[in-house]
Number of protein chains: 2
Amino acid sequence: MSTHTAVPEDTLNGAGRGGNLERYDPEFTDKVINAMGPKTNPRLRTIMTSLIRHVHDFARECDLTVDEWMMGVNMINRCGQMSDDKRNESQLLCDVIGLETLVDEITFKLAGEATDLATQSAILGPFYRHDVPLSEMGTNISDNTPNDAVPAYMFGKVTSAKTGKPLANVEIDIWQASTNGLYEQQDPEQKDCNLRGRFKTGPNGEYSLYCLKPTPYPVPDDGPAGELLNLMDRQPFRPAHIHILAQCEGHKPIITQIFDKDSKFLDDDSVFAVKDALVVTFDPRKGDKLAQYELHYDVVLKSM
Amino acid sequence: MSTHTAVPEDTLNGAGRGGNLERYDPEFTDKVINAMGPKTNPRLRTIMTSLIRHVHDFARECDLTVDEWMMGVNMINRCGQMSDDKRNESQLLCDVIGLETLVDEITFKLAGEATDLATQSAILGPFYRHDVPLSEMGTNISDNTPNDAVPAYMFGKVTSAKTGKPLANVEIDIWQASTNGLYEQQDPEQKDCNLRGRFKTGPNGEYSLYCLKPTPYPVPDDGPAGELLNLMDRQPFRPAHIHILAQCEGHKPIITQIFDKDSKFLDDDSVFAVKDALVVTFDPRKGDKLAQYELHYDVVLKSM
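In this text, all values refer to a predicted model and were calculated from it rather than measured experimentally. (Residues numbered from 1 in each chain as written. Chains lettered and ligands numbered in written order. Predicted model: local features only at pLDDT ≥ 70, side-chain atom pairs only at ≥ 80, totals over all residues. Heavy atoms only, no water.)

Another point: the overall build of chain A. Within chain A one finds 7 helices and 13 strands. Here the C-alpha radius of gyration of chain A, 25 Å, is well above what a compact globule of 304 residues would show, namely 19 Å. Principal-axis analysis of the C-alpha atoms gives chain A an extent of 95 × 40 × 30 Å. The buried share of chain A, reckoned over its 304 residues, is 55%. (Helix = DSSP H or I, 4+ residues; strand = E, 2+ residues; numbered from the N terminus. Rg over C-alpha atoms; globule rule 2.2 N^0.38 Å. Buried < 20%, exposed > 50% of the residue type's maximum accessible area, 1.4 Å probe, protein only.)

Structure representation (structure tokens):
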């Protein structure tokens, strides 16, 4: 006959919390990683190996308790329950801890080494639209401009990095949020494709349009991501910015956000996307009834 | 007048993927961590600092792209959308990468050093119930026993680690899944509190009951956690086990799962909870029409 006895497992030393990872089973993480079978896709194996190791190290490093872990589980469940076609709360949760900006940087660097457009187009972000019709140069992309908006004229020239000469047939996409912080597809009050423009350069390589001097807006803060921001004693605003995509056959596209140097929140963008090189100046514009400011923004494209 | 020029950012070396974390902005992670304001709760600051650092290191270490990250975001959203009162898919997703077992280990060790029952009760798991009525010794906790079940007799003695003598007034809780893999609260076909028993030891410290020889069951694999198991070329089953809680005033409780040594999946528990010390033997039982097997399981409790 077998006899078993349960004895308390707390026979370890009485050391305080933190620091000493050795107090937990040192073979556990390898056991979980090694459970992956031989048919696992190699790239998935690489990703899961790194993810499991970091998640376990995180838990050990801060002595994460069941209650604390369960708070995280509940937060993640609520993110999914809040998400739909119009809103992606898990994405926003990643954004406020800088993960989207980081994978953007990673993807951009990989894309710089790659030659396929598919890879490169991955960093367009959630508000890009593929189906914006071409506009004439100098078009005003703002329909029914709100009273609190400041119109601006944006213009520049696209040149080849190799020859220094103007590039024709470059598609320039511009998109921005309205003064209420919403992109047109988020806002039933805005006309379809409002504050979006697609332009094609002529032989002189130039583009021009009227848009809005961009304004700061808060990321949606009525869900778990907003709760986390609040818990971390942070504010939800993004600084004023405009999105730009410039692409041309045989060249590497440029996809970026540019930030107004006079905007608030440049130093504490809630999603950490600001870099010095992306900060631009809107100058006062004279003699133009349609715009009080202007932005001169040139683009240089490299060959594939 | 200001003039700005967008130039391609891919001016880094052409090094291949992986390994070199230095190719990405080395100051980015500190910037995100340092964004936490002074009013952040100190424990949350510790947790978020470690989490942000490990999540960023993970992304850099495997050169995580936007598309790969977005697959993870979608998986997490689907976990939340699938979760409700009866099912917690984000918890299950953690379970299959070993996180629940790890935080159990951490919490158990912390609880061993703590003196408050609140901390210790955190590791009871999702299927424990506080409201099970006391049963007489020798009760059969299986109602309407399924045809494919094998009845077993479980018994033992609770003693004090300090004195070696029997402990009276110890509450022993036992709970297990039925042969269909479901605990009673998951299964409308089972009677309330089926396969649960709560017993209180007398002066001899002994307890006894009839239950089922436990059987393996798969974790629910029709959601994202099941997809991940499949992608990792792993199987969803847990080995046969019984849950036990033993508690008594003035003593540290014992909360554990014990595993049948003859069960399949002892070496590949889908949630990694098996330890050698928790594997027990069910012996054939003679002369008892009510049970074909018996388990002798003694418990030793330490003082607080």
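Turning our eyes to something else, we now look at the relation of the copies chain A and chain B. For the match of chain A to chain B, the screw axis carries a shift of 0.0 Å, the RMSD comes to 0.0 Å, and the turn is 180 degrees. Such a turn and shift between the copies fits a two-fold axis. When C-alpha positions in chain A are compared against the rotation axis, the closest is assigned to Gly80(A), at 2.0 Å. A share of 99% of interface residues in chain A that are also interface residues in chain B marks the association as one of identical surfaces. (Least-squares fit on C-alpha atoms with pLDDT ≥ 70 in both. Contact = heavy atoms within 4.5 Å.)

Contacts between chain A and chain B engage 107 residues on the former and 106 residues on the latter. Arg43(A) is the salt-bridge partner of Glu68(B), the closest N and O atoms lying 2.8 Å from each other. At the junction of chain A and chain B, the tally comes to 39 residue pairs in polar contact (both at pLDDT 80 or more). Taken together, the residues of the side of chain A that touches chain B break down into 51 nonpolar, 28 polar and 28 charged. (Salt bridge = Lys/Arg side-chain N within 4 Å of Asp/Glu carboxyl O. Polar contact = N/O pair within 3.5 Å; in protein donor to acceptor, adjacent residues only side chain to side chain. Nonpolar A, V, L, I, M, F, W, Y, C, P; charged D, E, K, R; others polar.)

With that settled, the discussion passes to the packing of helix H3 (residues 66-82) of chain A against helix H3 (residues 66-82) of chain B. Running from N to C, H3(A) and H3(B) point in directions that differ by 90 degrees, and their axes come no closer than 6 Å. Classified by the angle their axes make, H3(A) and H3(B) are roughly perpendicular. Across the interface between the two elements, Ile76(A), Asn77(A), Cys79(A), Gly80(A) and Gln81(A) of H3(A) pack against Ile76(B), Asn77(B), Cys79(B), Gly80(B) and Gln81(B) of H3(B). (Axes fitted to C-alpha atoms, helices over the stretch in contact; angles between N-to-C directions. Parallel < 35°, antiparallel > 145°, perpendicular 65-115°, else oblique.)

As annotated by UniProt and renumbered to match this structure, "domain: Intradiol ring-cleavage dioxygenases" (unreviewed entry) occupies residues 124-302 of chain A. Taken end to end, residues 124-302 of chain A has its terminal C-alpha atoms 19 Å apart, with 4% of it in helix and 34% in strand. (UniProt positions renumbered as here; feature names shortened; annotations may be inferred.)

Okay, the pattern of salt bridges next. Counting across every chain of the model gives 38 salt bridges over all chains. With a closest N to O distance of 2.6 Å, Glu294(A) and Arg285(A) form a salt bridge. The exposure class assigned to Glu294(A) is buried, which follows from its relative accessible area of 11%. Two residues, Asp260(B) and Lys213(B), come together in a salt bridge whose shortest N-O distance is 2.8 Å. Linking Asp260(B) in strand S10 (residues 254-260) with Lys213(B) in the loop between strand S6 (206-212) and strand S7 (217-218), this pair joins segments that are 47 residues apart in sequence.

Turning to the side chain of His56(A), a few remarks are in order. With respect to the element layout, His56(A) can be found in helix H2 (residues 42-61). If sequence neighbours within four positions are ignored, His56(A) has contacts with Phe28(A), Thr29(A), Val32(A), Ile97(B), Gly98(B), Leu99(B) and Leu102(B).

Looking now at the side chain of Thr256(B). Residue and element names in this part refer to chain B. Along the chain, threonine 256 falls in strand S10. The class of threonine 256 is buried, set by a relative accessible area of 11%. Contacts of threonine 256, omitting those with residues within four sequence positions, involve Ile242, His243, Ile244, Leu278 and Tyr297.

The subject of this paragraph is the sheet that holds strand S11 (residues 279-280) of chain B. Residues and elements named next belong to chain B. The 5 strands lie next to each other as S5-S4-S9-S10-S11, forming an open sheet whose pairing is mixed. Two strands close off the open sheet at either side, each with one partner strand: strand S5 (196-200) and S11. As paired elements, S10 and S11 share 2 bridges and run parallel to each other. By the bridge assignment for S11, phenylalanine 259 is matched with valine 279. (Pairing = 2+ DSSP bridges.)

Residue and element names in this part refer to chain A. In this structure, histidine 243 sits in strand S9 (residues 241-247). With 212 residues separating them along the chain, histidine 243 and lysine 31 place their C-alpha atoms 46 Å apart. Only 2.9 Å separates the side chain of histidine 243 from the side chain of tyrosine 183, close enough to count as a polar contact.

A few words on helix H4 (residues 89-96) of chain A. Residues and elements named next belong to chain A. Of all the 8 residues making up H4, 8 are buried; the element is thus mostly covered by neighbouring parts of the structure. Taken together, the buried positions of H4 are Glu89, Ser90, Gln91, Leu92, Leu93, Cys94, Asp95 and Val96. Glycine 98 sits one or two residues past H4 and shows a positive phi near 80 degrees.

Residue and element names in this part refer to chain A. Of all 5 residues in strand S5 (residues 196-200), 4 are buried; the element is thus mostly enclosed. Inspection of the sheet shows strand S4 (residues 171-175) paired to S5 by 5 bridges, in the antiparallel sense. Paired with glutamate 171 across the strands is lysine 200, a residue of S5.

If you check UniProt for "domain: Catechol dioxygenase N-terminal" (unreviewed entry), the listed places come out as residues 41-108 of chain A in our numbering. Helix makes up 81% of residues 41-108 of chain A and strand 0%. Its end C-alpha atoms lie 24 Å apart.

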